[in-house]
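Residues per chain are reported as follows:
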Amino acid sequence: MSLFTKDIACQELVELVTAYFDGSLSRTERRRFRAHIRGCPHCTAYVEQMRQTIETTGRLTEEDIGPEARDELLEAFRGWRDGRAT
Amino acid sequence: MAELALTLPFAAKRQDARLMPRIGPGRAKGAAAGDAEIVERLRDGDERAFEELIDRYGAMMLRVARMFVKDRASAEEVVQETWLGVLNGIDRFEGRSSLKTWIFRILTNRAKTRGERDSRSLPFSALASAEAEADEPSVDPDRFLGPDSATPGAWAAPPRAWPEDRLLAKETIGVVEDAIEMLPEAQRDVILLRDVEGWSPMEVSDALEITDGNQRVLLHRARSKVRAALEEYLDPEVVQP
């Protein structure tokens, strides 16, 4: 089992996943990260779960502005437009 | 604690490139394609153009405003004021930043002024630092081998692949929603902007006035907790080996 490389332990790797995704690891850190997941199916599974977590979070939708607020805005827009026209 | 502004049902609105983790450092984008056109139409008084902007940014603006002010009513007022600011300032918009960045700058300025008047208990940046400094492991330390083992820090109870069909089920999104709702405030705000709204790291640290490092730490904490909640739901046995 190659659960541990001399540079980085699984327990450390799980702290670096977001920085890895954001591309903010140093070159050395990134190389170690990649070398570790190449040899470690468990961390590969972990990184995949983080990816799936991000994707699932991306499926949430936000609250919409209410129809009343929207009508008010369109009303304000017309007032603004008419003010410009004159 | 502020309520979370998320509602069912989860119409999968934006299943696009945003769903992929963004690789590479976030950069503030210049004027996005289409900005010039919509600005021109707005200046010409085209109501459809204004509606398009409301559809594009309205909900996101409400959520961001909620991060600075005490209740929904105040947030709605801030959003309305922002739109008026956008209309009154549109002739001065020069396209040096994207339209979105410009609009959200107006929004956060108004929201902060308003938030100070409402005397929110703690500025967001202080909250963010406090949450980022707390020492929280991403994964329960019991799931790794201890210092006396031959391979300290290696998985003792490793994660296992999740069943794809259950991951995609509607109920699973509810698990994510609940997990986000339980997060400390700053972590929740950052994950909403980054992973729900798809903002870049720089857009988030600018809007919330936190450092890039804190932004990332908060996001990482938030994602790690949501992952743990998903694992507990999808693969409960592995959590209690």
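Residues numbered from 1 in each chain as written. Chains lettered and ligands numbered in written order. Predicted model: local features only at pLDDT ≥ 70, side-chain atom pairs only at ≥ 80, totals over all residues. Heavy atoms only, no water.

Contact with chain B, which involves 77 residues of that partner, is made by 48 residues of chain A. Carbon and sulfur atoms make up 59% of the area that chain B and chain A hide from each other, which totals about 5700 Å². Of all residues in chain B, the largest losses of buried area upon contact with chain A belong to Glu47, Trp155 and Arg223 of chain B, amounting jointly to 11% of the total for that side. Between the two partners, chain B and chain A, sit seven salt bridges. Residues glutamate 47 of chain B and arginine 81 of chain A are paired through a salt bridge, measuring 3.8 Å at the closest nitrogen-oxygen approach. Summed over the shared surface of chain B and chain A, the result is 20 residue pairs in polar contact (both at pLDDT 80 or more). For the side of chain B that touches chain A, the elements supplying multiple residues, two or more each, are helix H1 (35-43), helix H2 (47-66), helix H3 (72-89), helix H6 (164-167), helix H7 (170-182), helix H8 (185-196) and helix H10 (212-234) of chain B. In terms of residue class, the side of chain B that touches chain A is made up of 41 nonpolar, twelve polar and 24 charged. (Contact = heavy atoms within 4.5 Å. Buried area = accessible area lost by both parts, 1.4 Å probe. Salt bridge = Lys/Arg side-chain N within 4 Å of Asp/Glu carboxyl O. Polar contact = N/O pair within 3.5 Å; in protein donor to acceptor, adjacent residues only side chain to side chain. Helix = DSSP H or I, 4+ residues; strand = E, 2+ residues; numbered from the N terminus. Nonpolar A, V, L, I, M, F, W, Y, C, P; charged D, E, K, R; others polar.)

Here the focus is the confidence of the model for chain A. Close reading of the predicted structure is inappropriate where its pLDDT is low. Considering every residue of chain A, the mean pLDDT works out to 88; 86% of them sit at 70 or more. Every residue in residues 1-5 of chain A scores below 50 in pLDDT, and together they form twelve contacts with partners more than four places removed in sequence or on other chains. (pLDDT = per-residue confidence, 0-100.)

The tally for this structure, following the rule as stated, stands at ten aromatic pairs over all chains. Residues phenylalanine 77 of chain A and phenylalanine 50 of chain B carry aromatic rings whose centres are separated by 4.8 Å and whose planes lie at 15° to one another, so their mutual orientation is stacked. Within this pair, whereas phenylalanine 77 of chain A is found in helix H5 (residues 67-85), its partner phenylalanine 50 of chain B is found in helix H2, the two belonging to separate chains. According to the relative accessible area criterion, phenylalanine 50 of chain B is buried, its value standing at 1%. Ring pairing ties together the aromatic residues Phe77 and Trp80 of chain A together with Phe50 and Trp83 of chain B, which thus form one cluster. We note arginine 166 of chain B situated over the ring of tyrosine 233 of chain B; from NZ or CZ to the ring centre the distance is 5.0 Å. (Phe/Tyr/Trp six-rings, centres within 6.5 Å; stacked < 30°, edge-to-face > 60°. Buried < 20%, exposed > 50% of the residue type's maximum accessible area, 1.4 Å probe, protein only. Lys NZ or Arg CZ within 6 Å of the ring centre and 35° of its normal.)

Before going further, it helps to examine the packing of H8 of chain B against helix H9 (residues 201-208) of chain B. Residues and elements named next belong to chain B. It is the contact of H8 with H9, at a shortest axis distance of 10 Å, that shows an interaxial angle of 145°. Here H8 runs over H9; the crossing is right-handed. Residues Val190, Leu193 and Arg194 of H8 lie in contact with H9, whose contacting residues are Pro201, Val204 and Leu208. The class makeup of the residues in the contact of H8 with H9 is five nonpolar, no polar and one charged. (Axes fitted to C-alpha atoms, helices over the stretch in contact; angles between N-to-C directions. Left-handed = near helix turned anticlockwise from the far one by under 90°.)

Counting residues in each nonpolar core, the largest one holds 64 residues, and the members touching the most others are Phe50, Trp83, Leu99 and Leu208 of chain B. In terms of residue count, H2 of chain B provides more of this core than any other element does, ten residues in total. Those residues in contact with tryptophan 83 of chain B, other than ones at most four positions away along the chain, are Leu73 of chain A together with Phe50, Leu53, Ile54, Gly58, Met61 and Ile103 of chain B. Grouped together as the second largest cluster of nonpolar side chains are 21 residues, Ala19, Leu25 and Cys40 of chain A together with Ala154 of chain B included. (Core = buried A, V, L, I, M, F, W, Y, C linked by side-chain atoms within 4.5 Å.)

When you line up the elements, glycine 153 of chain B lands in the loop between helix H5 (124-133) and H6. Note: C-alpha distance between glycine 153 of chain B and aspartate 142 of chain B (eleven residues apart in sequence) is 9.8 Å. The residues contacting glycine 153 of chain B, other than those within four sequence positions of it, are Ala9, Cys10 and Gln11 of chain A together with Phe144 and Leu145 of chain B.

The next subject is the confidence of the model for chain B. Residues and elements named next belong to chain B. Mean pLDDT for chain B: 82, with 83% of residues reaching 70 or above. Every residue in residues 1-31 scores below 50 in pLDDT, and together they form 76 contacts with partners more than four places removed in sequence or on other chains. Across the predicted assembly, pTM comes out at 0.72 and ipTM at 0.77.

Now for H5 of chain B. All names here are of chain B. Turning to H5, its buried residues are Phe124, Leu127, Ala128, Glu131 and Ala132. The buried residues of H5 all sit within an arc of 125° when viewed along its axis, so they share a single face. Its buried side turned inward, H5 meets H8, H9 and H10. (Arc of directions from axis to C-beta.)

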